[in-house]
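Commentary on secondary and tertiary structure
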Amino acid sequence: MAPAITLAADKLSAANTGFMLICSALVLIMTPGLAFFYGGMVRVKSTLNMLMMSFISMGIVTILWVVYGFSLAFGTDKGSFIGWTSDWVGLSNIGLTELWPGYTIPVFVFMVFQLMFAIITPALISGALADRVKFTAWSLFIALWATVVYFPVAHWVWGAGGWAFELGVIDFAGGTAVHINAGAAALGVILVIGKRVGFKKDPMRPHSLPLVMLGSGLLWFGWFGFNAGSWLGNDDGVGALMFVNTQIATAAAMLAWLAYEKIRHGAFTTLGAASGAVAGLVAITPSGGAVSPLGAIAVGVIAGVLCAMAVGLKYKLGYDDSLDVVGVHLVGGVAGSLLIGFFASGKGQSTVEGLFYGGGLTQFWKQCAGVFAVLGYSLVVSAILAFLIDKTIGMRVSEDEEIAGIDQAEHAETAYDFSGAGGGIVGATASALAGTESKKVDA
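Now for a quick tour of the structure. The model shown is predicted, which means the values in this text are computed figures rather than measured ones. (Residues numbered from 1 in each chain as written. Predicted model: local features only at pLDDT ≥ 70, side-chain atom pairs only at ≥ 80, totals over all residues. Heavy atoms only, no water.)

Scanning the protein from terminus to terminus reveals 16 helices and two strands. A compact globule built from 443 residues would reach a C-alpha radius of gyration of about 22 Å, and the protein, at 22 Å, matches this within 12%. Its C-alpha atoms give the protein principal-axis dimensions of roughly 70 × 50 × 40 Å. Total accessible area computed for the protein in this model is approximately 17000 Å², and 68% of it derives from carbon and sulfur atoms. Across the protein, the 21 positively charged side chains and the 26 negatively charged ones have centroids separated by 10 Å. (Helix = DSSP H or I, 4+ residues; strand = E, 2+ residues; numbered from the N terminus. Rg over C-alpha atoms; globule rule 2.2 N^0.38 Å. Areas by Shrake-Rupley, 256 points an atom, 1.4 Å probe, with all protein chains shown as cover. Lys, Arg positive; Asp, Glu negative; His and termini not counted. Charge placed at Lys NZ, Arg CZ, Asp CG, Glu CD.)

Shown next, in the form of structure tokens:
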């Protein structure tokens, strides 16, 4: 959905409409996939809270999008910063077969496709805040952040009249509007709320790597709808190019991450494979419609290595990004967006060419404008929102609740109940695990 060539459209296409509805469902499944991905990466006592921090976004953002979010993001431009179309408030006065301008799909289909993007973007932030945030505070943050950060930024990047759209910043499916936006927000919030109890002292290893792999697989699967669907149709092959490049860059990034950690740490890890795949998906999201398949390999390799290097920065710089949202989504989004300025082939979504294809640095500087404007805006505003919430209702659970487990404190549940495991080896193992957890809490 970057500034690009659009097709003349005067009637509804059943094929494109069906395709976009399928893509919308694929994007929605990414949010539960993200929940599993994050849920497996935390300790047992935080699993359910991590799942809920993603799931609640599906409820809150859906209602906000219907009431006013769609109008703010994609309504008639107001000063290049925000949109507004009063007829869209509550999705009123939209005809069933009314077409999205320039395309062959109904407004309702475009609306629901974009809703799925709005849902997953704040959910991405949650991974940086694991173990320590009140669920009510998080829910309020989602509502405020979507309103004052995501909806305006989506208009900048994708809305007709938005300043980044008019400047010619290329963001096919969300490098700036989704990943840089969420990654910068995560950094802003964690700088306000501080570190987890025991950060850099206690082991905080993933409790279920199979759950992480399941989540990454669902993300990879759903991302084809996320990326290929963002062309809003199948009439000229650009969506197919994006689909192919999504697979290529993801594979390349996964291999690059694994190679880096083998050289750096001496092992190929499942967590590295999952994280590398996500890094590739992030980086190709803005760039996949502009680069060639060979360019997609380059984007994936560069992003895989950069993100693998970046995840260790939190230990050197002292910020507690629990599940590496900054290292993967912010760094990967920046890399993918800026690399357009070098690898754009001029044979995809538009005729724009990057430096390596004879186009000079013109597009690179446009990409810089979009990247750093979104990064700076999201970082500052997100930090302010977190500060205000912290000073009113409080952002963090108590230290005792964090140590005992946020699942029990916030949700009155635990992810794994061994009480009905019975006797024998299973029962003995369950009892031993329960005793171990009890000792940890008492300590």
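Taken as a whole and assessed by the stated rule, the structure comprises five salt bridges. A salt bridge links Arg-196 to Asp-320, with the nearest nitrogen and oxygen atoms 2.8 Å apart. Pair noted here: Arg-196 is in the loop between helix 6 (175-193) and helix 7 (209-228) and Asp-320 is in the loop between helix 11 (313-317) and helix 12 (325-343), with a separation of 124 residues, a long-range link. Its relative accessible area of 8% is what places Arg-196 among the buried residues. Two residues, Glu-402 and Arg-396, come together in a salt bridge whose shortest N-O distance is 2.8 Å. Salt bridges linked by common partners bring Arg-43, Asp-131, Arg-196 and Asp-320 together as one network. (Salt bridge = Lys/Arg side-chain N within 4 Å of Asp/Glu carboxyl O. Buried < 20%, exposed > 50% of the residue type's maximum accessible area, 1.4 Å probe, protein only.)

On to the packing of helix 1 (residues 14-41) against helix 2 (residues 47-74), then. Packing of helix 1 against helix 2 brings their axes to within 8 Å, and their N-to-C directions diverge by 160°. Taken as axis vectors, helix 1 and helix 2 run roughly antiparallel relative to one another. The two elements helix 1 and helix 2 meet at a crossing, and its hand is right-handed. Residues Leu-28, Thr-31, Pro-32, Leu-34, Ala-35, Phe-36, Tyr-38 and Gly-39 of helix 1 form the contact with helix 2, whose own contacting residues are Thr-47, Met-50, Leu-51, Ser-54, Phe-55 and Met-58. Its residues assigned to classes, the contact of helix 1 with helix 2 shows ten nonpolar, four polar and no charged. (Axes fitted to C-alpha atoms, helices over the stretch in contact; angles between N-to-C directions. Parallel < 35°, antiparallel > 145°, perpendicular 65-115°, else oblique. Left-handed = near helix turned anticlockwise from the far one by under 90°. Contact = heavy atoms within 4.5 Å. Nonpolar A, V, L, I, M, F, W, Y, C, P; charged D, E, K, R; others polar.)

For Leu-91, which is not glycine, the phi torsion reads 55° and is therefore positive. Mapping Leu-91 onto the fold places it in the loop between strand 2 (82-83) and helix 3 (107-125). Phi angles above zero are rare outside glycine, and Leu-232 is one such case at about 65°. With respect to the helices and strands, the residue Leu-232 is situated in the loop between helix 7 and helix 8 (238-265).

Any functional reading would require information that these geometric values do not contain.
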